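Architecture and fold: a report
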Amino acid sequence: MTPSESNPCPRALTAIVLAAGKGTRMRSDLPKVLHRLAGRSMLGHVLAAVQAAGAARIAVVAEPGRDDVAREIAAQAPGSAVFPQVERLGTAHAVLAARAMLGAGDDVIVAFGDTPLITAETLTRLRAPLAEGAAVAVLAFESAHPTGYGRVLTDGTRVRAIREEKDASPEERRVTLCNAGLMALAGPHALALLTRIGNDNAAGEYYLPDAVALAVGDGLPVAVVPVAEEEAQGVNDRVQLGVAEAAIQARLRRGAQLGGATLIAPETVFLSHDTILGRDVLVEPHVVFDTGVRIDEACVVHAFCHLKDVRLEAGAGVGPFARLRGGAVLEAGATIGNFVELKNARLGPGAKAAHLTYLGDAEVGAAANVGAGTITCNYDGVSKHRTSIGAGAFIGSNSALVAPVSIGAGAFVASGSVITEDVPEGALAVARGRQAVKPGWAAGKRAALRAARSEKS
Ligand code: UD1
Ligand code: MG
């Protein structure tokens, strides 16, 4: 059965993302939830997951007055509501900061902005028991090191309560089933449960997990949904940030490999959340894919390349040791070799820049050849200017093309030229000193120099 057949009229889903943590252990001027993993903020990852899980409405509870957090929310999940939590009185108190979102009777999922590895698939599993009548569903994992987590207390197979570490008896602390913190609450019960949560505990905080004991006391069904400990891990300091980055990289590499890309040394390849690698792409060791990269099928990225905001069309090749950025595009079969940098440059099909070249703000036509050491001089100290190289043109090595300038299709530029004027189609441009050859000159010169020296001594 599909979900809609089992539940013909599912309630809509509201997601509440708690992000009011100060994150002091990060030792950073940046709010904790804005620290990045795989090129996207932790908050961005969580917002992507709740959107993919089908949340119709999203609320983020944040520290008041954080414009940077508000901007990130607007960028990652436009239309989300932002609620300030003025005093930090606990996770249930934080959820109630978004109380205005709870009146409509939607199912509610509470996620944490500092638990960034959570997937949409897990959020969907967490919500599923609500459609079967559960009032509350909690996400839980088994841990060999449960210290610090809330423990899920059970009577046989039935959950009874969640006990925070601070409030737990020695016996309860031996429980290894831990609360991941994320929770789903059924629309008809959510507000009533949340508003009854008190703060009579060791921390004097309003604990969201207390919704479990309240629901059990009311005789309402509570479900426990399992999750892998790795996916539930939170980030509180830079060590944990590094651990989460490693986990997300492993996930992204695996996705790229299963999608048909070969990563020769996967542990040395760094991907962004939005990297797209097509079928039969080959990635050699030590490559960084920063954000905005799309590589079509059968391209090769040789070792030690850095790419950001780049599109490679089928069969293109880059590197080794190449840097591509700022909207660089290689059309089908174009190649970029070692020590070549491209910024906002487009190479037509089959065009080549094989060695030691900078192409910035440039258009290179099909099958053109850009020789070693060519530089587009695109910046005059104030503004950037464009260079256009026509199809089939040949740019001799060590040429400087001073933009704005255009080289016509099929034209030749002689090696070592400094080109400051447009070159017409099919023409030769030579812009360098003419070579003079004086036969036998060297021996005469040396003799003269030696004579001058012996006169002095
Ligand atoms: C919480 C759970 C605990 C669980 C653990 C999993 C509670 C009371 N405890 O504990 O059972 O094992 O997560 O990691 O929920 N936040 C606010 N405002 C607040 C308090 C918290 O926005 O007033 C946010 C934090 O920024 C964070 C999340 O809620 O994103 C969790 O808060 P945190 O203080 O980390 O809770 P834990 O002690 O880890
Ligand atoms: Mg925590």
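**Remarks on the overall build of the chain**
In terms of regular secondary structure, the chain is built from 11 helices and 34 strands. In terms of overall dimensions, the chain is more spread out than a globule: its C-alpha atoms have a radius of gyration of 31 Å, far above the 23 Å expected for 457 residues. Each principal axis of the C-alpha atoms in the chain carries an extent, and together these give about 110 × 65 × 40 Å. Classification of the 457 residues of the chain by burial places 46% in the buried group. Partitioning the intrachain contacts of the chain with sequence separation of at least 6 by distance along the chain shows that 42% fall at a separation of at least 24. Here the chain holds 45 positive side-chain charges and 46 negative ones, and the gap between their average locations is 9 Å.

**Some points on the side chain of Gln85**
By secondary structure assignment, the location of Gln85 is in the loop between strand S5 (81–84) and helix H4 (91–97). Accessibility expressed as a relative area gives 5% for Gln85, which makes it buried. Within the structure, the side chain of Gln85 is placed 3.3 Å from the backbone oxygen of Glu87, a separation counted as a polar contact. In this structure the side chain of Gln85 is engaged in a polar contact, spanning 2.9 Å, whose partner is the side chain of His93. In contact with Gln85, not counting residues within four places along its chain, are Ala20, Val61, Ala62, Glu63, Pro64, Gly90, His93, Ala94 and Ala97.

**Here we look at the domain arrangement of the chain**
Domain boundaries assigned for the chain yield domain 1 (3–232) and domain 2 (242–429). The distance between the C-alpha centroids of domain 1 and domain 2 comes to 44 Å. Every contact between the two is made by 10 residues of domain 1 and, on the other side, 11 residues of domain 2. Overall, the association of domain 1 and domain 2 removes approximately 840 Å² of surface from exposure, summing both partners, and the carbon and sulfur fraction of that is 65%. Sorting the residues of domain 1 by area buried against domain 2 places Leu37, Ala38 and Leu117 first, and these three jointly supply 59% of that buried surface. Counting across the interface, domain 1 meets domain 2 through 0 salt bridges.

**Looking at the pattern of salt bridges**
This structure, assessed with the given rule, holds 20 salt bridges. Between Arg11 and Asp107 there is a salt bridge, and its shortest N-O distance comes to 2.6 Å. In this pair, Arg11 sits in the loop between helix H1 (3–6) and strand S1 (13–19) while Asp107 sits in strand S6 (residues 107–112), placing the two residues 96 residues apart along the sequence. Looking at Arg11, the relative accessible area reads 30%, which means it is partly exposed. In this structure Asp107 comes out as buried when scored by relative accessible area, which is 4%. A salt bridge links Arg57 to Asp106; the nearest nitrogen and oxygen atoms lie 3.4 Å apart. Within this pair, whereas Arg57 is found in strand S4 (residues 57–62), its partner Asp106 is found in the loop between H4 and S6, the two being separated by 49 residues in sequence. Each of Arg11, Asp107 and Arg127 takes part in one network of salt bridges that share partners.

**A closer look at the site of ligand 1**
Near ligand 1 lie 19 residues; those nearest to it are Gln85, Thr91, Gly150, Glu164 and Asn179. Measuring from an oxygen atom of ligand 1, one finds a backbone N or O atom of Ala20 at 3.2 Å. In this structure, Asp114 approaches ligand 1 through a side-chain N or O atom, which is 3.2 Å from an oxygen atom. Computed on the free molecule, ligand 1 has an accessible area of 750 Å², of which 84% lies beneath the protein chains in the complex. Considering only residue class, the shell around ligand 1 consists of 10 nonpolar, 6 polar and 3 charged.

**Points about a nonpolar patch on the surface**
A contiguous nonpolar surface patch, about 410 Å² in accessible area, is contributed by Phe304, Phe321, Phe339 and Leu356. Relative to the helices and strands, Phe321 is located in the loop between strand S21 (317–318) and strand S22 (322–325).

**Regarding unusual backbone geometry**
Following Gly319, the chain continues to Pro320 via a peptide bond in cis, the omega torsion being 5°. Residue position: Pro320 is located in the loop between S21 and S22. A cis geometry characterises the amide bond from Ala403 onward to Pro404, with omega recorded as 0°. Of note, the phi angle at His286 is positive, near 60°, even though the residue is not glycine. Its place among the elements puts His286 in the loop between strand S15 (282–283) and strand S16 (287–289). Residue His286 is classed as partly exposed on the basis of its relative accessible area, which comes to 40%.

**Let's talk about the nonpolar core**
The tendency in soluble globular proteins is for nonpolar side chains to be buried side by side. One finds Phe289 and Leu324 to be the most contacted residues of the largest nonpolar core, which totals 48 residues. A per-element tally of this core places strand S24 (residues 335–347) first, with 5 residues. Ignoring any residue separated from it by four or fewer positions in sequence, one finds Leu324 in contact with His306, Leu307, Lys308, Val310, Leu312, Val318, Leu330, Ile336 and Leu342. One finds Val50, Ala77, Ala186 and Val225 within the second-largest nonpolar core, a separate group that totals 39 residues.

**Side note on the environment of Cys299**
Note that Cys299 resides in the loop between strand S17 (293–295) and strand S18 (300–301). On the accessibility criterion, Cys299 (0% relative accessible area) is buried. The spacing of Cys299 and Arg160 is 139 residues in sequence and 56 Å in space, taken between C-alpha atoms.

**Considering the pairing of strand S10 (residues 177–185)**
With 9 of 9 residues buried, S10 lies mostly within the body of the structure. Where S6 lies against S10, 3 bridges are found, and the strand directions are antiparallel. Counted as the bridge partner of Ile109 is Ala184 from S10. As paired strands, strand S7 (residues 136–142) and S10 are joined by 6 bridges and run antiparallel to one another. Residue pairing for S10: Val136 is matched across the bridge by Leu185.

Definitions and cut-offs
Residues numbered from 1 in each chain as written. Chains lettered and ligands numbered in written order. Predicted model: local features only at pLDDT ≥ 70, side-chain atom pairs only at ≥ 80, totals over all residues. Heavy atoms only, no water. Helix = DSSP H or I, 4+ residues; strand = E, 2+ residues; numbered from the N terminus. Rg over C-alpha atoms; globule rule 2.2 N^0.38 Å. Buried < 20%, exposed > 50% of the residue type's maximum accessible area, 1.4 Å probe, protein only. Contact = heavy atoms within 4.5 Å. Lys, Arg positive; Asp, Glu negative; His and termini not counted. Charge placed at Lys NZ, Arg CZ, Asp CG, Glu CD. Polar contact = N/O pair within 3.5 Å; in protein donor to acceptor, adjacent residues only side chain to side chain. Domains from an automatic or database assignment. Buried area = accessible area lost by both parts, 1.4 Å probe. Salt bridge = Lys/Arg side-chain N within 4 Å of Asp/Glu carboxyl O. Near = heavy atom within 4 Å. Areas by Shrake-Rupley, 256 points an atom, 1.4 Å probe, with all protein chains shown as cover. Nonpolar A, V, L, I, M, F, W, Y, C, P; charged D, E, K, R; others polar. Patch = residues over 30% accessible without salt bridge, like charges linked within 9 Å, V, L, I, M, F, W, Y side chains within 5 Å. Core = buried A, V, L, I, M, F, W, Y, C linked by side-chain atoms within 4.5 Å. Pairing = 2+ DSSP bridges.

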